[in-house]
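# Structural features, examined
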Amino acid sequence: MAVVQTIETKHIFIDIVNYTYNRSVEAQTDLISYLNTFVKESLEKNQIDSKDRICIPTGDGMCISLLNISIPYDIHIKISLDILKKINSHNDSQKNEMRKFQIRIGINENIDNLIIDINDNKNISGSGINYAARIESLADGNQILVGNSVFEKLVQREQYMKSFDSYSAEVKHGLPLKVHHFKNDKLEFLNNDIPSKFKPAQKSVFRLSEIQAYYLANCLVNEDFISKNIGSGQNSYSMQTLLLQLSEDCYAKTKTTKLKPDSRVKVKRPLQEHFDYIQEIDFWIICDLNSYIVNEYLSSMYRFFSDPYLFVNQSGKKQLLNDHPKIYEEFNIK
């Protein structure tokens, strides 16, 4: 068995954001060319000799692995910022939108294995480079995320003490991963926003539709009628059908104009007579109709009723008043 050579490595994993989206093949090729140029210029500027690095293409980006480089201690950050700055200048001068681009960067360091790949070239294998790729995948455009091994060394330095926000993630195979977002408000080319994968999910605010509001209002003003006719089996289904038809009539009335009169009123009889009429319809027809009514209009309002979709509770009254005060006033609800 061959002896495995290990080496201290700093990994800068780079990925072009939306590499193929709305870009021609020619534009994609140009982006790789631009990125290669900017990386080479940054490595040269930071005096990284070819023997001290391995650049591994990844299709829509690359991994820059720095070998046994400890001075300066933040060389990976310096190179990353320099590349981002060059891309920002390029975008400012580039008129073709397909040839403007952003990158995301993941930085990690570890003692990894130095290997010879299928092309007889030096390459890197190990958890350090693997985690650099996973860290990069959590970043947004123009952001730099670093792993724990990088963070623990940088955060002790005065320059970087207040430069990171920390997050916990779960990556491939359910592995937990701690990542740290490098921020600097003075650098206009650096994205300091919370990475989208760590933004709290926004709670959707429920608001009653007009028909739902009219349904609640009709339930409230017809409580005595509902109590008189409620019962088991078809009674509840028939009552919900009647109340929805009343609500649809109320809604249709608000859309009526002189040029567009509404002639399709659903409840033309007195309530009791109309309810009795619905009761005469085959049970399974009403049952199927009620399933539609519940799914389409009522299920999202379940918390506003003390009994299934017929008797409105205080939360329902409050929601009606907040969302549709005009309807609340129209029905003179107390």
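Placed above this text is the structure.
Okay, so let's go over this structure. Bear in mind that the values here come from a model prediction, so they are computed numbers and not experimental data.

### Re the packing of helix α7 (residues 234–254) against helix α9 (residues 283–298)
- Contact pair α7 / α9: the axes reach a minimum separation of 9 Å and the direction vectors enclose 55°. Between α7 and α9, the crossing angle belongs to the class labelled oblique. As α7 runs across α9, the sense of the crossing is left-handed. Facing α7, whose interface residues are Gln234, Tyr237, Ser238, Gln240, Thr241, Leu244 and Glu248, α9 presents Phe283, Ile286, Cys287, Leu289, Asn290, Ile293, Val294, Tyr297 and Leu298.
- In the contact of α7 with α9, the residues fall into ten nonpolar, five polar and one charged.

### Brief notes about helix α5 (residues 210–221)
- A rise of 1.5 Å per residue sets the reference length of α5, with its twelve residues, at 16 Å; its end C-alpha atoms lie 16 Å apart and thus fit the reference within 8%.
- The set of residues buried in α5 consists of Ile211, Gln212, Ala213, Tyr214, Tyr215, Leu216, Ala217, Asn218, Cys219 and Leu220.

### Description of the pattern of salt bridges
- This model, assessed by the stated rule, comprises twelve salt bridges.
- Lysine 86 is paired through a salt bridge with glutamate 41; the nearest N and O atoms lie 3.5 Å apart. Here glutamate 41 lies in helix α1 (residues 25–45) and lysine 86 lies in helix α2 (residues 75–93), a separation of 45 residues in the sequence.
- In this structure glutamate 41 comes out as partly exposed when scored by relative accessible area, which is 36%.
- The closest approach of N and O atoms between aspartate 52 and lysine 51, which form a salt bridge, is 3.3 Å.
- Overall, lysine 51 belongs to the exposed group, its relative accessible area being 56%.
- In this structure, a network of salt bridges that share partners links the residues Asp15, Arg104 and Glu136.

### Thoughts on the packing of aromatic side chains
- Applying the stated criterion across every chain, the model contains 13 aromatic pairs.
- When the ring of tyrosine 160 is compared with that of phenylalanine 182, the centres are 5.9 Å apart and the planes differ by 50°; the resulting orientation is tilted. Here tyrosine 160 is found in the loop between α4 (148–154) and β7 (164–170), whereas its partner phenylalanine 182 is found in strand β8 (residues 176–182), with 22 residues between them in sequence. The residues tyrosine 160 and phenylalanine 182 share a single accessibility class, namely buried.
- Here the aromatic cluster, defined as three or more aromatic residues joined through ring pairs, consists of Tyr73, Phe151, Tyr160, Phe164 and Phe182.
- In this structure, arginine 303 is placed above the aromatic ring of phenylalanine 206, and the distance from its NZ or CZ to the ring centre is 5.0 Å.

### Structural notes on the packing of α1 against α2
- Packing of α1 against α2 leaves a shortest axis separation of 9 Å and a crossing angle of 135°. Of the possible angle classes, the one that applies to α1 and α2 is oblique. In this structure, the crossing between α1 and α2 has a hand that is right-handed. Residues Tyr34, Leu35, Phe38, Val39, Glu41, Ser42, Leu43 and Lys45 of α1 form the contact with α2, whose own contacting residues are Ile79, Asp82, Ile83, Lys86, Ile87 and His90.

### What about the nonpolar core?
- Counting residues in each nonpolar core, the largest one holds 37 residues, and the members touching the most others are Tyr215, Phe305 and Leu320.
- Looking at this core, the elements that each hand over two or more residues are α5, α6 (223–229), α7, α8 (271–279), α9, β10 (311–312) and α11 (325–330).
- No other element matches the eight residues that α5 contributes to this core.
- Ignoring anything within four residues of it in the chain, the contact list for phenylalanine 305 reads Tyr215, Leu216, Cys219, Leu310, Phe311, Val312 and Asn313.
- Membership of the second largest hydrophobic core comes to 36 residues, among which are Ile48, Phe101, Ile103 and Leu190.

### Some points on the side chain of serine 236
- Tracing the chain through its elements places serine 236 in helix α7.
- Here serine 236 is in contact with Ile230, Gly231 and Leu310, once residues within four sequence places are set aside.

### Focus: the environment of glutamine 47
- Within the secondary structure layout, glutamine 47 lies in the loop between α1 and β2 (53–57).
- Once the C-alpha coordinates of glutamine 47 and isoleucine 115 are considered, the two residues, 68 residues apart in sequence, prove to be 24 Å apart.

### Quick notes on the pairing of strand β6 (residues 144–147)
- The two faces of β6 match: Ile144 and Val146 on one face and Leu145 and Gly147 on the other face are all buried.
- In terms of strand pairing, strand β4 (residues 103–116) meets β6 through three bridges, oriented parallel. Bridging from a neighbouring strand, isoleucine 107 pairs with valine 146 of β6.
- One ladder, built from four bridges, connects β6 with β8; its direction is antiparallel. Along β8, the bridge assignment pairs valine 146 with histidine 180.

What counts and how
Every residue gets a number counted from 1 within its own chain, in the order that chain's sequence is written. Where totals are concerned, whole chains, interfaces and linings use all residues; where local detail is concerned, this predicted model gives features only for residues with pLDDT of at least 70, and gives and counts side-chain atom pairs only at 80 or more. Note: side-chain values were computed over all heavy atoms of the structure, leaving out hydrogens and water. For helices, the fitted line uses only the C-alpha atoms of the stretch in contact; every axis is such a line through C-alpha atoms, and the angle between N-to-C directions lies from 0 to 180 degrees. By definition, any uninterrupted DSSP run of H or I lasting at least four residues is a helix, any uninterrupted run of E lasting at least two residues is a strand, and each is numbered from the N terminus. To sort the angles, those under 35 degrees are grouped as roughly parallel, those over 145 as roughly antiparallel, those from 65 to 115 as roughly perpendicular, and the leftovers as oblique. Handedness of a helix crossing follows the sense of rotation of the near helix relative to the far helix, less than a right angle counterclockwise being left-handed and clockwise being right-handed. What makes two residues a contact is simply this: any of their non-hydrogen atoms within 4.5 Å. Following the grouping adopted for this structure description, the nonpolar residues are Ala, Val, Leu, Ile, Met, Phe, Trp, Tyr, Cys and Pro, the charged ones are Asp, Glu, Lys and Arg, and the polar ones are all others, Gly among them. For a helix, the expected span equals 1.5 Å multiplied by the residue count minus one. Residue exposure (1.4 Å probe, protein chains only): buried if accessible area is under 20% of the type maximum, exposed if over 50%, otherwise partly exposed. Salt bridge criterion: a side-chain nitrogen from Lys or Arg within 4 Å of a carboxyl oxygen from Asp or Glu. Aromatic contacts are taken between Phe, Tyr and Trp rings whose centres are within 6.5 Å, Trp giving its six-membered ring; a plane angle under 30 degrees counts as stacked, one over 60 as edge-to-face, and the others as tilted. Criterion for a charge above a ring: Arg CZ or Lys NZ at most 6 Å from the ring centre, at most 35 degrees from the ring normal. We define a nonpolar core as any set of buried Ala, Val, Leu, Ile, Met, Phe, Trp, Tyr and Cys residues linked to one another through side-chain atoms lying within 4.5 Å. A pair of strands is labelled paired if DSSP reports no fewer than 2 bridges between them.

All we've got here are geometric facts, nothing functional implied.
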